[in-house]
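Remarks on the overall topology
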Amino acid sequence: MLRVAVLISGTGSNLRALLEATSDPAYPARVVVVGADRDAPGLAHAEDFGLPSFTVPFTSYASRAEWGDALAEQLAVFEPDLVVLSGLMRLLPPAVVARFAPRIINTHPAFLPEFPGAHGVRDALAAGVDATGASVIVVDDGIDSGPILAQERVPVLPGDDEHALHERIKPVERRLLIDVVRRYATGELPAEASTLS
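All values derive from a computational prediction rather than experimental measurement.

The rules we used
- Residues numbered from 1 in each chain as written.
- Predicted model: local features only at pLDDT ≥ 70, side-chain atom pairs only at ≥ 80, totals over all residues.
- Heavy atoms only, no water.
- Pairing = 2+ DSSP bridges.
- Helix = DSSP H or I, 4+ residues; strand = E, 2+ residues; numbered from the N terminus.
- Axes fitted to C-alpha atoms, helices over the stretch in contact; angles between N-to-C directions.
- Contact = heavy atoms within 4.5 Å.
- Buried < 20%, exposed > 50% of the residue type's maximum accessible area, 1.4 Å probe, protein only.

Regarding the sheet that holds strand S1 (residues 2–8)
- Ordered by their spatial adjacency, seven strands build an open sheet running S3-S2-S1-S4-S5-S6-S7, and the pairing between neighbours is mixed. Bordering the open sheet on either side are strand S3 (53–55) and strand S7 (148–155), each of which pairs with just one other strand. Here the strands of the sheet are splayed against their neighbours by 20° on average, with no regard to which way each runs.
- Where strand S2 (residues 29–36) meets S3, three bridges bridge the pair, whose relative direction is parallel. Within S3, the position partnered with Val 34 by the bridge is Ser 53.
- Contacting S1, S2, strand S4 (82–85), strand S5 (104–108), strand S6 (131–138) and S7, helix H6 (residues 162–186) runs over the sheet at an angle of about 155° to S7.

Dropping the structure here:
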């Protein structure tokens, strides 16, 4: 059974979907802990599912590196096989990536390498494209630059604003994430998946 740790910053909608998937006895992975970089509303999902959670507040540390060290130590306690960034709005310091790589994955609301960064949906609309998408990637030291594990196109519809488009991307992100975690658990995506670029 694959042991999964999930890191969030916000409401944790992708986390909730993953928790619901992993509650199925036939699903080959289990979330063992939920962590956050602040007092995130999504931590309530861990409580709902009877899971441990932790908070490592970014603002409590003098540097990103010190925050990363504390985060890595908290994660290590739970011995995860896979770390999922689910709306974590912080770049992981290189030392954290090195410690858990290549088994760190992230979802992104764009068809990478198009529109990386914190405003992928807004940037797609600003560019006037007729389609964007959702991606699941391996985390590296760049910004949404790691190998792509799964992605799918989502059309941009006339009259879309950022909220409407993002709401259509989210279910695709969730489905891709659940499938990628399943593929890790069944061995279809080995630890060497970081070479899939």
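The rest of the description comes next.
Some thoughts on helix H1 (residues 13–22)
- In terms of burial, H1 is largely enclosed, as seven of its ten residues are buried.
- Where H1 is concerned, the buried positions are Asn 14, Leu 15, Ala 17, Leu 18, Leu 19, Ala 21 and Thr 22.

Focus on the pairing of S6
- Among the eight residues of S6, eight are classified as buried, and the element is accordingly described as predominantly covered.
- By the alternation rule, side chains of S6 split into Ala 131, Gly 133, Ser 135 and Ile 137 and Thr 132, Ala 134, Val 136 and Val 138, which are all buried.
- Where S5 and S6 come together, four bridges link them in antiparallel fashion. Its bridge partner lying in S6, His 108 is registered against Ser 135.
- In the sheet, S6 pairs with S7 via seven bridges, with the strands oriented antiparallel.

The values reported here are purely geometric and, on their own, carry no functional implication.
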